[in-house]
Amino acid sequence: MSATDDRLEILIGKLLDGEISPAEQRVLDRDLEQDGRARELLEQMRMLHECGCQIVRQEVRPGGADPEDLFERAWRQSRGSAWRRIIRMDGMPRFAVGLAAGFLLGLLLHFVLVGGSGLPSDRNDSMVVKDTSPQSGGRNGGWPVLERRTPDQVTREVEWYGFTDQAGNQWLIEGYREGVVKPASYHGGL
Amino acid sequence: MSDRDQNELMLVCTARRGDKEALQTLLKRNWGWLKGLVYSVRGDRQELDDVMQDICLRVITRIHTLREPERFRAWLAILARHEAIKHARRRKPEMVAVDEPGFVGDPADDIAKKELYGRVLEAVQGLPQKYREVFMLAHSGDLTYAQMAEVLDVPITTMQIRLVRARQMIRNQIAGKEQKVYEI
């Protein structure tokens, strides 16, 4: 195929594709007028062009789902659950999400396992420690004995307050909030 | 830049911010040639809708990664090619009926046209991918030469030469001539 043939084919192609400029059109018209082979080529290419358009109409365009439906489906899919989005993630984002989830889990375990054993006042165990030393005639081998506190013994909205029991023992009680008491320290000579 | 291109650029910028309507309009505008491109990559229309839906999904989820909005079509073409190839790799071969084109006119002429159509279709399907792509884009009627060059990410002259070669190869096959292998 010569350069002249290529040029002629480009011009005919442009004519069929609607891309020919007026100057090119003039050159092509002259070629077609003078050269019978050019006219034959134009006829062949016109048929091929029609077939090409027919192929697009028959093979590509017909049937199939509506573009709007397909878009809607894709849109819904893209707005899927958070889990699906995390699963679809890859590389750094996935690593970051994993790291954050691990940190949160660790934090939760810390509060459940460690926090659960502390903060006796939060458990509302309304107990007070009674001195059971031998001097005060206590029992249980010297260990403090917890006694149930009675409601009338509570002093409201006082942080620290004194209390004398029926045996004459004096207690220093820390009151956190109404109805909650925490054992503080007991000094025999108080 | 034409008004249409300017408008498309604005749509791309809006779509990058996740605007559903802008995304939908953009895809709808480029639907014809996009479908032609997917067809040309695969060589048939099996699962065309599935591929198109996946392309929509990729566009929706990846539009924010588009760095140059003015190169949206080229970006879309790369994405579409990638999805079409991905589907082609995992599909199972199956028989697909080819629709007979509906010609109206002289029955003898119809038979000749149908025969020619079948031979052209066979020749198009047998083209190397880059020639099939340019042939399908040129006949989709949606794009100018400049836009086709943009989609194919090649200079306009290269695109024109590829189109000429594609047409030559088809004509040669129909005429029963030996195929040349071109490297453009």
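Residue numbers run consecutively from 1 along every chain, following the written order of its sequence. The naming scheme follows written order: chains are lettered A onward, ligands numbered 1 onward. Reporting in this predicted model follows two pLDDT cut-offs: at least 70 for local features of residues, and 80 or more for side-chain atom pairs to be given and counted; totals over whole chains, interfaces and linings ignore these cut-offs and use all residues.

## A look at the overall build of chain B
Each helix corresponds to a stretch of at least 4 residues labelled H or I by DSSP, and each strand to a stretch of at least 2 residues labelled E; elements are numbered beginning at the N terminus. A count of helical and extended segments in chain B gives 9 helices and 0 strands. Sequence-ordered secondary structure for chain B, helices as α and strands as β, is α-α-α-α-α-α-α-α-α. Each residue is classed by its C-beta neighbour count within 10 Å, where at least 20 other C-beta atoms makes it buried, 12 or fewer makes it exposed, and intermediate counts make it partly exposed; the C-beta atoms are placed from backbone geometry. Per-residue burial over chain B gives 38% buried out of 184 residues. By the criterion used throughout, residues are in contact when their C-beta atoms, derived from the backbone, lie within 7 Å. Counting contacts in chain B only where the partners sit at least 6 residues apart, residues at least 24 apart contribute 64% of the total.

## Brief notes about the interface of chain A and chain B
Interfaces are often sized by the amount of accessible area the parts lose when they come together. Every contact between the two is made by 31 residues of chain A and, on the other side, 39 residues of chain B. Of all the secondary structure elements, the ones that give two or more residues to the side of chain A that touches chain B are helix 1 (3-17), helix 3 (36-60) and helix 4 (67-78) of chain A. It is helix 3 of chain A that provides the largest number of residues to the side of chain A that touches chain B, a total of 13 residues. The residue inventory of the side of chain A that touches chain B, partitioned by class, reads 16 nonpolar, 8 polar and 7 charged. Classification used: nonpolar for Ala, Val, Leu, Ile, Met, Phe, Trp, Tyr, Cys and Pro, charged for Asp, Glu, Lys and Arg, polar for all others including Gly.

## Considerations on the nonpolar core
L37, V38, C56, V134 and F135 of chain B are the most contacted members of the largest nonpolar core, which has 62 residues in total. When neighbours within four sequence positions are excluded, C56 of chain B is seen to be in contact with L70, F71 and A74 of chain A together with L27 of chain B. For this analysis, nonpolar core means a set of buried Ala, Val, Leu, Ile, Met, Phe, Trp, Tyr and Cys residues linked through C-beta atoms within 7 Å.

## Examining the confidence of the model for chain B
A residue-level look at chain B finds 84% of positions with pLDDT of 70 or above and a mean pLDDT of 83. Both scores are available for the predicted complex, with the pTM at 0.62 and the ipTM at 0.77. Note on scores: pLDDT gives the predictor's confidence for each residue, bounded by 0 and 100.

## Observations concerning the packing of helix 4 of chain A against helix 2 (residues 20-29) of chain B
When two helices pack together, their arrangement is given by the angle between the helix axes and by the axis-to-axis distance. The axes used here are C-alpha line fits, helices contributing only the stretch in contact, and every angle between their N-to-C directions lies in the interval 0 to 180 degrees. At a minimum axis separation of 10 Å, helix 4 of chain A and helix 2 of chain B run at an interaxial angle of 135°. Relative to helix 2 of chain B, the element helix 4 of chain A is oriented oblique. Between helix 4 of chain A and helix 2 of chain B lies a crossing whose hand is right-handed. Contacts between helix 4 of chain A and helix 2 of chain B pair P67, E68, F71 and W75 of chain A from the former with K20, Q24, L27 and K28 of chain B from the latter. Oblique is the label for any angle not under 35 degrees, not over 145, and not in the 65 to 115 range, which are roughly parallel, roughly antiparallel and roughly perpendicular in turn. Should the near helix be turned anticlockwise from the far one by less than a right angle, the crossing is left-handed, and should it be turned clockwise, the crossing is right-handed.

## Considering unusual backbone geometry
All names here are of chain B. Positive phi values are uncommon outside glycine, yet D153 reaches one of about 60°. In this structure, D153 sits in the loop between helix 8 (145-152) and helix 9 (156-175). Residue D153 is classed as partly exposed on the basis of its 14 C-beta neighbours within 10 Å.

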